[in-house]
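A closer look at the structure
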Amino acid sequence: MQFNDLHRQYLALKEEIDAAMAEAVDQAHFISGPQVARLEEELAAYVGVRHCVTCGNGTDALLLALLAWGVGPGDAVFVPSFTFFATAEAVSRLGATPVFVDVEEDTFNMSSASLEEAIRRVRQEGELTPRAVIPVDLFGQPADYFNIGRICQKNELPILEDGAQGMGGEILGKKACSFGTVSVTSFFPAKPLGCYGDGGALFTNDDDAAGLLRSLCVHGKGEYKYDNVRLGTNSRLDTLQAAILLPKLKALKESELMLRNRWANRYTQQLKGIVKTPAVPQCFYSSWAQYTIRLESKEQRDGLQAALKQDGIPSMVYYPKALHLQTVYQSVPCKAYDLPVSQRLPDIVLSLPMHPYLTEEEVDTVCAAVARYCHGE
Ligand SMILES: *Cc1c(COP(=O)(O)O)cnc(C)c1O
């Protein structure tokens, strides 16, 4: 059994993907080919925003958004401590200070209460200027944009939605990557919408921001590529990756989201009462980038992971360390107040095999193995 079986996905979509790749190679328009523009149009329409700007990867997308906003030294950017490192790295890369915010134990997403308290304390201390908030749609579920949005509005802070894992999620029918002033996603192969290498995208309804982002992606171009009006970078999605993403986006919409939800519901039905299963609040829809359970202790979690491994079942610890405790932040400036949940989750979480092409038998095998271990058999 695979943790995320990308080969099975390829076999399911082989005809369309092979044809798309062959066409892109035959057309030989390898950078900014017509597939890139088509993908941007389809993604903007799917997410429900005016602009999609593709780029080299999700980390670049975060960097480009912060760069477009002029975030730099002396600025505070609020990020969850329980996420993939890139969320905070982009902030630090620009010389700004990540202010770590705690998460909710049952959804793994940014706690609005912790955010409000962190903003209050940064303002009170007066050393840093609050500039932006980066909620993460962790494991495929949108963050709590009702409450985070209210707090950001009150504090006049823009939201940069880190939807790297979030594509396909929804709140009340509104799609992930539409909740930020600017939102980003990643097409890293293991994400809900992944390509066959690195890739990323930015989403916004702001025409000026979209123009600025398009310039920043191509060396700060002005009228054309050899008119350089600002410092940018080289961050583009290859034509070949865009060609691969077009049939993959179609599959995501037509079947894969539904399948991921089928397997997540099957896990929850069989595992509730045995372990702590992930919560999906009312009106929220997850794209289940990961299906993550919580155990009672580190010993129990490590024991379960070892037992699953013995049964040939792969599992992963996402994430093994809170970001404010990472080695890099012993020397790079950051702020972390009280983060009890982010500190505890790395000891007790375990992500189980999740992808659209699982089978009922596979899900049932995983659940039976978890139950055996937790019942001490
Ligand atoms: C994967 C990921 C990123 C970075 O995306 P890349 O395309 O790998 O650069 C950023 N944030 C989160 C939450 C991620 O999971």
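A short tour of the structure in this document, coming up. It should be emphasised that the depicted structure is a prediction, and the values quoted were computed from it without experimental measurement.

A few words now on the overall build of the chain. Secondary structure assignment for the chain yields eleven helices and 13 strands. For the chain, the C-alpha radius of gyration of 21 Å lies close to 21 Å, the compact-globule estimate for 377 residues. By principal-axis analysis of the C-alpha atoms, the chain measures approximately 70 × 60 × 35 Å. The buried share of the chain, taken over its 377 residues, is 55%. The long-range fraction of contacts in the chain, counting pairs at least 24 apart against all pairs at least 6 apart in sequence, stands at 72%.

Attention shifts here to the sheet that holds strand β9 (residues 200-204). Across the sheet, four strands lie side by side as β1-β9-β8-β5; this open sheet has mixed pairing. Whereas interior strands pair on both sides, the edge strands pair on one side only; in this sheet they are β1 (51-55) and β5 (160-162). When the angles between neighbouring strand axes are averaged without regard to direction, this sheet yields 20 degrees. Relative to β9, strand β8 (residues 182-186) is paired through five bridges, and the arrangement is antiparallel. Its bridge partner being in β9, V182 is matched across the sheet by T204.

The next point concerns the packing of helix α3 (residues 58-68) against helix α7 (residues 207-217). Between α3 and α7, the shortest axis-to-axis distance is 10 Å and the interhelical angle comes to 120 degrees. As judged from the angle between their axes, α3 and α7 are oblique. Crossing of α3 over α7 shows right-handed handedness. Across from L64, A65, L67 and A68 in α3, the residues of α7 making contact are L212, L213, L216 and C217. For the contact of α3 with α7, a count of residues per class yields eight nonpolar, no polar and no charged.

Moving on to the site of the ligand. Around the ligand, 14 residues are found, and the nearest of them are G58, T59, Q165, S186 and K191. Here an oxygen atom of the ligand sits 2.5 Å away from a polar atom, N or O, in the side chain of T59. D162 places a polar side-chain atom, nitrogen or oxygen, 2.8 Å from a nitrogen atom of the ligand. When residues of the shell around the ligand are traced back to their parent elements, those giving at least two are α3 and α4 (86-93). Counted by class, the shell around the ligand contains four nonpolar, eight polar and two charged residues.

On to the side chain of H355, then. Within the secondary structure, H355 sits in the loop between β13 (349-352) and α11 (360-374). Within polar-contact distance, the side chain of H355 engages the backbone nitrogen of L358 at 3.4 Å.

Let us now look at the pattern of salt bridges. The final tally for this structure, using the stated rule, is 18 salt bridges. Connected through salt bridges with shared partners, the residues D5, R8 and E362 form a single ionic network.

Moving on, we come to helix α2 (residues 34-47). Between the first and last C-alpha of α2 there are 20 Å, a value that for 14 residues agrees with the 20 Å anticipated at 1.5 Å per step. For α2, the complete set of buried residues consists of Q35, V36, L39, E40, L43, A44, Y46 and V47. The buried side chains of α2 occupy one side of the element, clustering within an arc of 165 degrees when seen end-on. Across α2 from its buried face, at more than 90 degrees, point the exposed residues E41 and A45. The inward-facing, buried residues of α2 abut α1 (6-27), β1, β7 (174-175), β9, α7 and α8 (239-271). One or two residues past the end of α2 sits G48, with phi positive at roughly 90 degrees.

In spatial order, the strands read β7-β6-β10; together these three strands make up an open sheet with antiparallel pairing. The open sheet has two edge strands with one neighbour each: β7 and β10 (284-285). Sheet topology note: the strand β6 (residues 170-171)/β10 ladder contains two bridges and is antiparallel. Considered in β10, the bridge of E170 is made with Y285.

Our next topic: the pairing of β13. Of the two faces of β13, the one lined by V349 and S351 and the one lined by L350 and L352 are each fully buried. Here strand β11 (residues 291-294) runs beside β13; their pairing, made up of four bridges, is antiparallel. For I293, the partnering residue across the bridge sits in β13 and is L350.

The next thing to look at is the state of the cysteines. Any covalent bond linking the sulfur atoms of two cysteines counts as a disulfide. For the structure on display, the rule yields zero disulfides. The structure places no disulfide on C177, whose sulfur is separated from the nearest cysteine sulfur, that of C52, by 8.9 Å. Here C217 is not cross-linked by a disulfide; its sulfur's nearest cysteine counterpart is in C55, at 5.4 Å. Since its relative accessible area comes to 3%, C217 is described here as buried.

Turning to the packing of aromatic side chains, a few remarks are in order. For the structure on display, the rule yields 16 aromatic pairs. An aromatic cluster is defined as three or more aromatic residues linked by ring pairs; in this entry it consists of F3, F82, F84, F108, F139, Y318 and Y319. Sitting over the ring of W263, R262 keeps its end group 5.9 Å from the ring centre.

All right, on to the pairing of β8 then. Most of β8 is tucked away, with five of its five residues classed as buried. Going residue by residue along β8, you find V182, V184 and S186 tucked away on one face and S183 and T185 tucked away on the opposite face as well. Strand direction decides the pairing type here: β5 and β8, joined by three bridges, are parallel. Within β8, the position partnered with E161 by the bridge is S183.

The rules behind the values
Residues numbered from 1 in each chain as written. Predicted model: local features only at pLDDT ≥ 70, side-chain atom pairs only at ≥ 80, totals over all residues. Heavy atoms only, no water. Helix = DSSP H or I, 4+ residues; strand = E, 2+ residues; numbered from the N terminus. Rg over C-alpha atoms; globule rule 2.2 N^0.38 Å. Buried < 20%, exposed > 50% of the residue type's maximum accessible area, 1.4 Å probe, protein only. Contact = heavy atoms within 4.5 Å. Pairing = 2+ DSSP bridges. Axes fitted to C-alpha atoms, helices over the stretch in contact; angles between N-to-C directions. Parallel < 35°, antiparallel > 145°, perpendicular 65-115°, else oblique. Left-handed = near helix turned anticlockwise from the far one by under 90°. Nonpolar A, V, L, I, M, F, W, Y, C, P; charged D, E, K, R; others polar. Near = heavy atom within 4 Å. Polar contact = N/O pair within 3.5 Å; in protein donor to acceptor, adjacent residues only side chain to side chain. Salt bridge = Lys/Arg side-chain N within 4 Å of Asp/Glu carboxyl O. Expected span 1.5 Å × (residues − 1). Arc of directions from axis to C-beta. Disulfide = S-S within 2.5 Å. Phe/Tyr/Trp six-rings, centres within 6.5 Å; stacked < 30°, edge-to-face > 60°. Lys NZ or Arg CZ within 6 Å of the ring centre and 35° of its normal.

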